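Geometric and topological summary
Chain by chain, the residues run as shown.
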Amino acid sequence: MSKRIGLYPRVRVEGGGRGVVSQAGAVLLVETVRKVGLDGAISAALAPWRKPRTVHDPGKVLLDVALGVALGGDCLADVAMLRAEPDVFGPVASDPTVSRLIDALATAGPKALTAIRTARADVRTRVWELAGKDSPAADGHVIVDIDGVLVLAHSEKQDATATWKKTFGHHPLVAFIDHGQAGSGEPVAALLRPGNAGSNTASDHITTTGLALAQLPKHLRRGRKTLIRTDSAGGTHAFLDWLSRRGRWLSYSVGMTITDAIHQAVLKIPKKAWTPACDAGGTEWPGAWVAEITDMPDLTSWPKGMRLIVRKERPHPGAQLRFTDLDGLRLTCFATNTQGGQLADLELRHRRRARCEDRIRNARHTGLRNLPLHDTAQNQIWLEIVSLALDLLAWMPMLALTGTTRRWEPKKLRLRLFSAAAQLVNTGRRRWLRFTARWPWTDVITHAIDRLHILPNPG
């Protein structure tokens with residue numbers, strides 16, 4: 001009788017195996033690219049950068065890097081994981097070819113950025129049409145969240161400076177479409193800025209909002225059906241004036257700093273004017289109240305129709321109060337031009353802006369942990385690659401997954417779906433990927449592929 005030593009079985013390891021595909025679950029992303037027409041759109045957009053007798057299409061090279069980032073890569077060289085599986089990803093360019101393309105696009109500057117962004121906007125419109133009732137604009141409304149993110153730099157990169165948190169790096173401004181509770185979110189703008197860029201710089205918020213609006217279907221680029229949400233960094237005269245300008249008429253829900261005038265107005269609110277706030281489920285939240293103070297401070301210099309709503313709540317254990325807080329209760333304030341509606345509902349809508357923090361966390365896990373290149377122009381191209389990767393990680397669940405699986409974040413998608421290996425079988429002049437029945441999420445993969453296959457082909 002043999003006795004096994006240790007908790008795990010002992011296996012022999014050697015190289016030279018054939019017929020097995022690593023990261024086979026990434027076929028979900030490849031099929032998404034094909035069905036939404038992203039490959040053709042990016043290829044056409046980058047056609048001016050394709051040199052005569054070039055072997056690799058620039059659009060395919062850029063998409064390969066984006067796929068590598070979506071699978072967990074954080075630098076250009078990580079495209080090697082795709083190069084190792086040509087049966088799934090096709091021919092993949094060498095590292096020097098990838099670097100030369102990034103340099104060429106960076107040299108082209110705004111022209112290359114505009115080409116990539118225009119292609120993404122065209123494909124986004126098609127994706128939302130394919131998604132139907134699962135589209136973030138299915139009810140005719142769309143919400144854009146804007147926030148800043150600090151990206152640390154561990155070497156002397158261009159425009160890397162000291163940040164307001166006393167770190168060193170860059171301070172991009174990003175925007176995401178909110179998919180609501182049933183989904184995640186997709187990026188629509190990424191503006192690279194030096195580390196010392198101000199949090200409440202109105203011109204940067206205007207530029208980022210303009211980039212975000214350009215990514216939306218044309219009928220949502222102006223009008224009250226598009227809501228812009230920011231924290232107090234966006235609560236500036238210039239930004240709110242721009243959002244409210246005649247012909248643009250965008251809705252907004254923007255955090256405001258508690259100034260002395262707002263604090264004095266809060267002190268004058270009668271007790272009966274406070275109404276209970278709501279939690280995430282829409283039920284009354286004990287220890288939190290909201291009230292409107294639009295008529296109290298002088299708002300004559302602010303956009304017409306702006307409303308000020310304040311919230312007071314018992315602070316969480318360990319939270320530090322500010323001088324402007326009231327009687328041991330934390331105060332927050334936001335401005336909106338939405339007329340009508342219950343105060344608690346408007347405040348809950350604004351508080352859901354916190355989902356943007358989840359989008360930023362996912363972006364950090366998808367290539368935004370650091371900026372791997374040296375020049376600012378190169379890193380701006382990298383941000384577009386990260387945006388492409390995040391687009392795919394949002395579009396694939398929207399089109400192919402259902403129920404709770406549609407809410408899986410990138411790290412969980414990589415662990416459960418993309419990392420699955422499969423056997424490559426050639427039969428009947430076709431190639432099949434056979435996933436093992438022992439993998440707990442094989443059914444999720446196969447059902448998702450079936451949902452993608454039934455979608456109409458582009459063009």
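Structure shown above.
Values in this document were obtained by computation on a predicted structure and should not be read as measured data. (Residues numbered from 1 in each chain as written. Predicted model: local features only at pLDDT ≥ 70, side-chain atom pairs only at ≥ 80, totals over all residues. Heavy atoms only, no water.)

**Concerning the overall build of the protein chain**
Where we set the bar: We count a stretch as a helix when DSSP gives it H or I for four or more residues in a row; a strand needs E for two or more, and each element gets its number in order from the N terminus. Exposure is judged per residue with a 1.4 Å probe applied to protein chains only, and the accessible area is read against the type maximum: over 50% gives exposed, under 20% gives buried, and values in between give partly exposed. It only takes one pair of heavy atoms within 4.5 Å for two residues to be counted as in contact. Areas reported as accessible are Shrake-Rupley estimates using a 1.4 Å probe. Residue values count occlusion only from the protein chains shown. The positive count covers Lys and Arg only, the negative count covers Asp and Glu only, and His and the chain ends enter neither. In this description, the location of a charge corresponds to atom NZ of lysine, CZ of arginine, CG of aspartate or CD of glutamate.
From N to C terminus, the protein chain includes 15 helices and 15 strands. Viewed in the frame of its principal axes, the protein chain has a C-alpha envelope of about 80 × 65 × 45 Å. In the protein chain, buried positions account for 51% of the 459 residues. Of all intrachain contacts in the protein chain linking residues separated by at least 6 positions in sequence, the fraction that spans at least 24 positions is 67%. When the accessible surface of the protein chain is split by element, carbon and sulfur atoms take 54% of a total near 22900 Å². Computing the positive centroid from 63 side-chain charges and the negative centroid from 43, the protein chain places the two 4 Å apart.

**Structural notes on the packing of helix α1 (residues 27–36) against helix α15 (residues 442–453)**
As a reminder, the rule being used: Axis definition: a line fit to C-alpha positions, over the contact stretch in the case of helices; interaxial angles, taken between N-to-C directions, run 0 to 180 degrees. Should an angle fall under 35 degrees it is called roughly parallel, over 145 degrees roughly antiparallel, and 65 to 115 degrees roughly perpendicular, with every other angle called oblique. Note on residue classes: Ala, Val, Leu, Ile, Met, Phe, Trp, Tyr, Cys and Pro are nonpolar, Asp, Glu, Lys and Arg are charged, and everything else, Gly too, is polar.
Where α1 contacts α15, the two axes come as close as 10 Å, and the packing angle between them is 10°. Overall, the two elements α1 and α15 adopt an arrangement that is roughly parallel. Counted together, Val27, Leu28, Glu31, Thr32 and Lys35 of α1 and Ile445, Ala448, Ile449, Leu452 and His453 of α15 form the full contact between these two elements. Here the residues of the contact of α1 with α15 sort into 6 nonpolar, 2 polar and 2 charged.

**A closer look at unusual backbone geometry**
One non-glycine residue, Lys166, adopts positive backbone phi at about 65°. With respect to the element layout, Lys166 can be found in the loop between β4 (161–162) and β5 (168–170). Of note in the backbone geometry, Trp249 takes a positive phi value of approximately 50° without being a glycine. Here Trp249 shows up in the loop between α9 (237–243) and β9 (251–256).

**Some remarks on the packing of helix α12 (residues 355–368) against helix α14 (residues 410–418)**
One can describe the packing of α12 onto α14 by two numbers: an axis separation of 9 Å at closest approach and a directional angle of 55°. On the basis of the axis angle, α12 is oblique to α14. Contacts from Asn362, His365 and Thr366 in α12 reach Pro410, Lys411 and Arg414 in α14. When the residues that make up the contact of α12 with α14 are grouped by side-chain class, the tally is 1 nonpolar, 3 polar and 2 charged.

**Considering empty space enclosed by the protein**
Stated formally: A cavity here means a set of 1 Å grid points, computed over protein atoms only, where a 1.4 Å probe fits but cannot escape. A pocket is an open set with protein on both sides within 12 Å along at least 5 of 7 lines, and lining residues have an atom within 4 Å of a point. Grid points are joined across faces, edges and corners, and a volume is the space filled by probe spheres set on the points.
The final tally for this structure, using the stated rule, is 3 cavities of 30 Å³ or more. One number sums up the size of the largest cavity: a volume of about 120 Å³. Contributing to the lining of the largest cavity are 15 residues, with Ser184, Gly185, Asn362, Leu390 and Pro410 lying nearest its centre. For the lining of the largest cavity, the elements supplying multiple residues, two or more each, are β7 (185–191), α12, α13 (376–400) and α14. When its residues are assigned to classes, the lining of the largest cavity shows 9 nonpolar, 3 polar and 3 charged. Together, Val174, Phe176, Pro187, Ala189, Ala190, Ala363, Leu368, Leu383, Val386, Ser387 and Leu390 line the second largest cavity.

**A look at the sheet that holds strand β14 (residues 422–427)**
What counts is decided by this rule: When DSSP finds two or more bridges between two strands, those strands count as paired.
If you walk across this open sheet you meet the 3 strands as β1-β14-β15, and the pairing is antiparallel. With one partner strand each, in any of the chains shown, β1 (20–21) and β15 (430–435) form the two edges of the open sheet.

**Structural notes on the layout of surface pockets**
Where empty space is left in the structure can be found by rolling a water-sized probe over the atoms. Its boundaries defined by the atoms lining it, the largest pocket holds a volume of some 920 Å³. For the largest pocket, the lining is made up of 29 residues, of which Val27, Val30, Glu31, Leu433 and His453 are closest to its centre. Those elements that place two or more of their residues in the lining of the largest pocket are α1, α2 (38–45), α3 (58–70), α5 (86–89), β15 and α15. Classifying every residue of the lining of the largest pocket gives 14 nonpolar, 5 polar and 10 charged.

**Concerning the pattern of salt bridges**
Short version of the rule: Think of a salt bridge as a Lys or Arg side-chain nitrogen and an Asp or Glu carboxyl oxygen that are within 4 Å of each other.
Counting across every chain of the model gives 24 salt bridges. Its salt-bridge partner being Arg34, residue Glu31 comes within 2.6 Å of it at the nearest N-O pair. With Glu31 and Arg34 both in helix α1, this residue pair falls 3 residues apart, about one helical turn. A relative accessible area of 37% means that Arg34 is categorised as partly exposed. With a closest N to O distance of 3.2 Å, Glu347 and Arg311 form a salt bridge. Residue Glu347 is found in helix α11 (residues 343–351), and its partner Arg311 is found in strand β12 (residues 307–313); the two are separated by 36 residues along the sequence. Overall, the relative accessible area of 4% leaves Glu347 in the buried class. Each of the salt bridges in this network shares a partner with another, and the network as a whole consists of Arg117, Arg120, Arg124, Glu186, Glu384 and Asp391.

**Considering the packing of aromatic side chains**
Stated precisely, the cut-off is as follows: Two rings belonging to Phe, Tyr or Trp (six-membered ring only in the last case) form a pair when the distance between their centres is within 6.5 Å. Interplanar angles under 30 degrees mark stacking, angles over 60 mark edge-to-face geometry, and anything in between is tilted. Whether a charge lies above a ring is judged from NZ of Lys or CZ of Arg, which has to be within 6 Å of the ring centre and within 35 degrees of the ring normal.
Evaluation of the coordinates by the stated rule reveals 1 aromatic pair. Taking NZ or CZ as reference, Arg248 lies 3.9 Å from the ring centre of Trp242, over its face.

**Focus: the sheet that holds β12**
Across the sheet, 9 strands lie side by side as β7-β6-β2-β8-β9-β13-β12-β11-β10; this open sheet has mixed pairing. Since the sheet does not close on itself, it has two edges, and those belong to β7 and β10 (275–278), each with one partner. Taken over all neighbouring pairs, the strand axes of this sheet differ in orientation by 30° on average, direction set aside. Across 3 bridges, the pairing between β10 and strand β11 (residues 284–292) is antiparallel. Pairing of Thr275 across the sheet is with Val290, part of β11. Strands in contact with helix α7 (residues 110–131) are β2 (142–148), β6 (173–178) and β7; relative to β7, the strand with the most contacts, it is inclined by about 165°.

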